[in-house]
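# Structure assessment
So you can see what is in the structure, the chains are spelled out below.
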Amino acid sequence: MSAPITIVVDGRSIATTSETTVAAALLNAGVAAFRVSVEGEPRAPLCGMGTCHECRVTIDGAAHARSCLILAADGMRVETARG
Amino acid sequence: MGEVGTDERRADVAVVGAGPAGLGAAVEAAEHGLRVVVLDEAPRAGGPLWRGKMPLRASAWLERARRAGVEIVSGASVFDARPGEVLVEANGALRVRCETIVAATGSTERFLPFPGWTLPGVLGVGGLQAMIKGGLDVAGKRVVIAGTGPLMFATATLAREAGAEVLEIVEQAPRSRVLSFGARMLLAKPKQTASYLRALRGIRRSTSSWVIGAHGKETLNRVVVHGPRGDRSLDCDLAACGYGLIPRIELAALLGCEVSGGAVGVNSLQRTNVGGVLAAGETTGVAGVDAALLGGRIAGLVAAGADEEARQLVPAHERARRVGALIESAFFLRPELMELARPDTIICRCEDVALRDVESFDEVRDAKLQTRCGMGPCQARVCGPALETLRDFGRDRTRPPLAPVSLETLASTGRNGSNS
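Only a predicted model underlies this, so the values are computations on that prediction, with no experimental measurement involved.

### Considerations on the sheet that holds strand E4 (residues 71-73) of chain B
Residue and element names in this part refer to chain B. Strand order in the open sheet made by the five strands is E4-E3-E2-E8-E21, with parallel pairing throughout. The strands lining the two open edges of the sheet, one partner per strand, are E4 and strand E21 (277-279). The average angle at which neighbouring strand axes cross in this sheet is 20°, direction not considered. Pairing geometry for strand E2 (residues 13-16) and strand E8 (residues 100-103), over four bridges, is parallel. Along E8, the bridge assignment pairs Ala14 with Ile101. Along the sheet, helix H9 (residues 288-303) contacts E2, E8 and E21; its crossing angle with E21, the most-contacted strand, is approximately 160°.

### Remarks on the packing of helix H4 (residues 125-133) of chain B against helix H5 (residues 151-161) of chain B
Residues and elements named next belong to chain B. H5 packs onto H4 with a crossing angle of 30° between their chain directions and a minimal axis gap of 9 Å. By the angle class used here, H4 and H5 are roughly parallel. In the packing of H4 onto H5, the handedness of the crossing is left-handed. Contacts between H4 and H5 involve Val125, Gly126, Leu128, Gln129, Ile132 and Lys133 from the former and Leu151, Met152, Ala154, Thr155, Leu158 and Ala159 from the latter. For the contact of H4 with H5, the residue count by class is eight nonpolar, three polar and one charged.

### What about the interface of chain A and chain B?
Each side of the interface is counted separately: chain A has 32 residues, and chain B has 36 residues. Taken as a group, Leu46, Met49 and Thr51 of chain A account for 23% of the area that chain A buries against chain B, more than any other trio of residues on that side. In this assembly, chain A and chain B are joined by four salt bridges. Note that Arg43 of chain A and Asp352 of chain B form a salt bridge whose closest N and O atoms lie 2.7 Å from each other. Of all the secondary-structure elements, those providing two or more residues to the side of chain A that touches chain B are helix H1 (22-28), strand E4 (42-43) and strand E6 (62-66) of chain A. With four residues, H1 of chain A is the largest single contributor of residues to the side of chain A that touches chain B. Taken together, the residues that form the side of chain A that touches chain B break down as 15 nonpolar, eight polar and nine charged.

What counts, and at which threshold
- Residues numbered from 1 in each chain as written.
- Chains lettered and ligands numbered in written order.
- Predicted model: local features only at pLDDT ≥ 70, side-chain atom pairs only at ≥ 80, totals over all residues.
- Heavy atoms only, no water.
- Pairing = 2+ DSSP bridges.
- Helix = DSSP H or I, 4+ residues; strand = E, 2+ residues; numbered from the N terminus.
- Axes fitted to C-alpha atoms, helices over the stretch in contact; angles between N-to-C directions.
- Contact = heavy atoms within 4.5 Å.
- Parallel < 35°, antiparallel > 145°, perpendicular 65-115°, else oblique.
- Left-handed = near helix turned anticlockwise from the far one by under 90°.
- Nonpolar A, V, L, I, M, F, W, Y, C, P; charged D, E, K, R; others polar.
- Buried area = accessible area lost by both parts, 1.4 Å probe.
- Salt bridge = Lys/Arg side-chain N within 4 Å of Asp/Glu carboxyl O.

Structure follows, in structure tokens:
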């Protein structure tokens, strides 16, 4: 059921699979900061289940997507706060 | 009527949550001839514990649901509800009209703030488990697992199987309580407990210990653990820190259900105080998968009018729920954990509100209005439980939307402000 796919993260092509969440794919690709806090601190996933909202990134132009709840899809464009 | 763009469904039962409780409810109701729709936030059904590499039991229940004609809508976030109607954001707006709602929204982790807890690389214990199941590659990563409760064992096992180097399991409870819990679990569930103990062999375990700080430049590179023999530093790549599970009660609260002791109140047939609303699983009290499945099945049978059949499951359900009481009595939190946060430690991660900013308030509502603490996207789901534990703050009222939704969705569902 899991297929190899490619997503684009801040302009960079990343290889991942169709059963991987966007959050996991980003962490696997070495993305440290998903978003930047009010005071400018880097933030990354905490709860892994959609409660904390720390994993939020822009996916295919739609802001504020909780990446831990979304599976990566071929050709998906992801932008982090530092992208 | 402002309903262009809203997908509509009619069902007998709308189940929110596709974990063991939700699936149990859906299967029983559907097998009794009811039309059931299950709404689940996650991309795959099963809930946090049954997702990923599914245990046999989970696949069996999913298969039964499929055969009984249950419709499972994944990636569906419920943002508003009242008896008879559930509003959902699922790649567009969805309205489900139903006779009965079953709230099976599960549990979430309790996070207690400590210096450095906001560093990338610090996750929850359930958080790390969820991320590994979601495809996080931890092969060769040095992992510290800290906090309290049996969830740490499950995460440690999973991490190890995934190739991580689990450096240590750091438990805040004293050894005597952990051993007595282990002994009782060995008696109650010998096979499962024995297999856990085998899987944990070789992993260092400490008790009466907790993480007092996480350090690193932009990401985590070490944690400091305090124990009976003093403080020590552990170089690591990931630190999973979480202090137990708490019920997710937002949906039930929004529906007007009574919440007491942090859990949704239900009678033995899973009925809440609100007509047309049942609740089951962790949302009614954290007690594990077996209890959740049984509670869900009771709710499903009740929704189908099969009260007699439901009653037959009640004794087993009550027995299963004792696990929850066992966990609570073994792993209650020690007072030192309430003092981990320093004045400059972030309490509200969404709005970067530090402890010193909220210390002076008595009421959560004042703290919220004066500092924005709890007004960010997570709607106090992280800082709320922390402040309840740390400072005895109560919870504020739950109002819609339960999660951020687009203006388009709000407009197309024609909601014009909260009710009641």
